[in-house]
Amino acid sequence: MNGFTQVIHFLGGIALLFRDIVLELKTKPFYFKIFLKQIYEIGWKSLPIIFVTSACAGMVLTLQFGLTLEKFGGKIYSPKILSLSIFREFGPVFTSLILAGRVGAGMTAEIGAMKVTQQIDALLALGTSPIKRIVIPRYLGGLVAVPILCLFSCFVSIIFGALIGYFELNLDLFYFFYKVFETSKLHDFFSGYIKTYFFSSFIILTACYFGLKVSQGTYEVGNATTKSVVFSSVLIVLGDYLLTKCYWMMV
Amino acid sequence: MQSIVEVKNLYISFNEKKVLKGVSFSLEQGECLGLIGGSGEGKSTLLRSIIGLEHPSSGKILFEGENVTNLSEEEYISIRKKVSYVFQGGALFDSMTVYENLAFSLREHTDYSERKIREIVLYELKEFELEGCEDMYPVELSGGMQKRVGIARATISKPKVILYDEPTSGLDPYKKRNMQNTIMKLQKRGTTSMMVTHDMSTALRICDRIALLTGGKIKAIDTPKNFKESHNVLLNNFVKGIKQGENHESA
């Protein structure tokens with residue numbers, strides 16, 4: 001299968017998977033405990049890595065903006081630029097890309113291993129739908145956890161950006177936060193926040209699709225995991241461009 | 001005797017490769033049918049197609065007279081409550097304990113209280129000589145124990161038909177004998193069984209009829225007694241381990 005055909009298969013596959021999710025959501029049972037467990041797995045367990053990467057992103061961006069603008073006497077604008085870039089773009093995209101690696105890869109490997117060891121077949125043989133038991137709780141868990149992680153990431157980035165502004169750029173902390181909240185309007189925040197629901201869907205659908213597609217042993221699990229991270233990352237950045245374009249067409 | 005499963009002129013292909021080329025047989029109520037044949041001849045594929053884990057290219061599968069060949073996944077659920085499948089490797093859910101594996105189908109498909117489920121599971125564990133293993137995870141069990149848990153999980157909901165895929169492979173002679181006894185005990189409960197096996201001693205000891213699948217077709221089907229006395233060349237060659245076309249000396 002060449003690259004183009006593979007992409008078409010992938011897009012068709014995740015569209016069909018999404019259709020199955022919608023159809024099976026209408027019928028019982030709903031695995032509430034597994035759903036809660038997925039929120040814990042995707043959300044709570046990702047907190048440390050999101051904290052570290054968001055803090056670093058906030059610090060680096062503030063430093064770059066501040067030191068570059070300082071040459072033109074414009075370092076006081078760094079809080080404004082930081083808040084807009086974090087809320088609109090960096091927060092949602094950066095968080096989602098990290099989650100595509102941490103959550104997407106793990107999910108594909110887990111489902112792929114279940115496929116190889118015939119556990120998915122066993123679910124079917126025992127009269128249980130894998131979409132209901134495996135995909136839906138993960139999909140909904142992602143829809144709850146990813147936006148919350150994104151919020152968390154944005155605020156961590158701003159806080160650590162402010163600290164770097166204070167220690168490295170000699171900007172007053174109060175001034176920094178004042179400028180952040182003065183600049184960022186609610187629609188700036190929502191334009192980024194809404195994207196996370198799409199990004200979450202891209203990550204989980206891609207991970208489940210590649211996991212369920214595994215059929216030829218453990219070697220394929222590794223391949224599927226790599227593909228899952230690559231395809232979901234590409235979907236996130238492409239989706240980000242399209243969603244941003246839509247946003248600017250609407251405002 | 002009345003047929004519980006009827007397979008009529010079944011064809012299954014994977015890509016271009018035809019695996020089953022017009023298989024027909026019937027599984028009578030209460031009998032144990034053994035399916036023997038070389039590796040890669042499609043025995044497991046045939047077994048899997050009966051519960052809809054493989055989809056035929058053409059032909060018919062009737063369960064209790066009802067055509068179940070092209071049912072949707074949703075419609076197959078009702079069939080899978082009546083027909084259980086014992087996987088070759090057990091296919092136990094490795095994230096669940098032995099107890100949870102056994103309780104799975106009861107929790108999924110019955111309204112039993114947890115107390116009643118516990119009673120049933122503990123009884124089955126005793127029946128399969130697995131007492132004390134309820135809190136263990138599949139990875140902590142030996143291969144033989146995993147197979148027994150697999151059978152216990154498949155039989156706990158009292159299915160009408162049990163399909164076994166190589167139930168005695170990889171077991172030492174003592175454990176093999178125990179496994180045969182277990183299957184015979186289930187037969188006495190009135191369950192109908194179909195068993196894929198390479199192990200002639202098991203097939204001859206516990207099956208009421210044995211079918212030879214070779215070249216994608218059922219080439220012989222008879223009682224163990226007639227099988228032993230048969231002058232069918234294909235059958236004798238299979239039992240003696242002689243490949244088609246080889247002579248006795250070279251073998």
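Residues numbered from 1 in each chain as written. Chains lettered and ligands numbered in written order. Predicted model: local features only at pLDDT ≥ 70, side-chain atom pairs only at ≥ 80, totals over all residues.

The next thing to look at is the overall build of chain A. The number of helices and strands found in chain A is nine helices and zero strands. Per-residue burial over chain A gives 45% buried out of 251 residues. Expressed as a percentage of contacts within chain A between residues at least 6 apart in sequence, the contacts between residues at least 24 apart total 86%. (Helix = DSSP H or I, 4+ residues; strand = E, 2+ residues; numbered from the N terminus. Buried ≥ 20, exposed ≤ 12 C-beta atoms within 10 Å, placed from the backbone. Contact = placed C-beta atoms within 7 Å.)

For the rest of this paragraph, the subject is the sheet that holds strand 7 (residues 161-165) of chain B. Sheets are built from strands that pair by backbone hydrogen bonding, the pairs being arranged parallel or antiparallel. Residue and element names in this part refer to chain B. Here six strands make up an open sheet; going across it, the order is 6-7-8-3-9-10 and the pairing mixed. The open sheet is flanked by strand 6 (83-86) and strand 10 (217-222), the only strands paired with a single partner. Averaged over all pairs of adjacent strands, the angle between their axes in this sheet comes to 20 degrees, without regard to strand direction. (Pairing = 2+ DSSP bridges. Axes fitted to C-alpha atoms, helices over the stretch in contact; angles between N-to-C directions.)

All names here are of chain A. The N-to-C vectors of helix 3 (residues 47-70) and helix 4 (residues 78-116) enclose an angle of 145 degrees; their axes lie 10 Å apart at closest approach. Where helix 3 crosses over helix 4, the two elements pack in a sense that is right-handed. Residues I49, I50, T53, A57, G58, L61, T62, F65, G66 and L69 of helix 3 touch helix 4, and the partners they reach there are S78, I81, L82, S85, I86, F90, F94, T95, I98 and R102. Its residues assigned to classes, the contact of helix 3 with helix 4 shows 12 nonpolar, seven polar and one charged. (Left-handed = near helix turned anticlockwise from the far one by under 90°. Nonpolar A, V, L, I, M, F, W, Y, C, P; charged D, E, K, R; others polar.)

This next bit is on the interface of chain A and chain B. Taken together, the contact between chain A and chain B spans 11 residues of the former and 15 residues of the latter. Each residue belonging to the side of chain A that touches chain B can be placed in one class, and the counts come to four nonpolar, six polar and one charged.

All names here are of chain B. Relative to each other, helix 3 (residues 98-109) and helix 5 (residues 143-155) sit at 25 degrees, their axes nearing to 7 Å. Taken together, the axis directions place helix 3 and helix 5 in an arrangement best described as roughly parallel. Every pair of crossing elements has a handedness; the one defined by helix 3 and helix 5 is right-handed. Packed against helix 3, whose contacting residues are V98, N101, L102 and F104, the element helix 5 presents V149, A152 and R153 at the interface. Tallied by class, residues from the contact of helix 3 with helix 5 come to five nonpolar, one polar and one charged. (Parallel < 35°, antiparallel > 145°, perpendicular 65-115°, else oblique.)

Residue and element names in this part refer to chain A. Relative to the helices and strands, L99 is located in helix 4. A tally of 29 C-beta atoms within 10 Å means that L99 is categorised as buried. It is 9.9 Å that separates the C-alpha atoms of L99 and G142, two residues lying 43 residues apart in sequence. Contact partners of L99, with chain neighbours within four places excluded, come to S46, G104, V146, L149 and I203.

Another point: unusual backbone geometry. Note: most residues except glycine have negative phi, and most peptide bonds are trans. For the bond from K28 of chain A to P29 of chain A, the omega torsion is -5 degrees, close enough to zero to count as cis. The residue P29 of chain A is located in the loop between helix 1 (3-25) and helix 2 (32-42) in this model. Its identity is not glycine, yet N15 of chain B carries a phi of approximately 55 degrees, on the positive side. Within the fold, N15 of chain B resides in the loop between strand 1 (3-14) and strand 2 (17-28). Taking the number of C-beta atoms within 10 Å as the measure of exposure, N15 of chain B has 5 and is therefore exposed. In this model, E166 of chain B sits at a positive phi of 50 degrees, which is unusual for a non-glycine residue. Here E166 of chain B lies in the loop between strand 7 and helix 6 (173-188). Look at E166 of chain B and you get buried, because 21 C-beta atoms sit within 10 Å.

As a further point, take the confidence of the model for chain B. Taken residue by residue, chain B gives an average pLDDT of 87. The fraction at 70 or more is 95%. Model confidence for chain B, summarised as mean pLDDT per element, is weakest for helix 9 (residues 233-240) of chain B at 72 and strongest for helix 3 of chain B at 94. (pLDDT = per-residue confidence, 0-100.)

To continue, consider the sheet that holds strand 1 of chain B. Residues and elements named next belong to chain B. Here we have four strands laid out as an open sheet, ordered 2-1-4-5, and antiparallel in their pairing. The open sheet has two edge strands with one neighbour each: strand 2 and strand 5 (66-67). Pairing of strand 1 with strand 2 involves nine bridges; the strand directions are antiparallel. Its bridge partner being in strand 2, S3 is matched across the sheet by E28.

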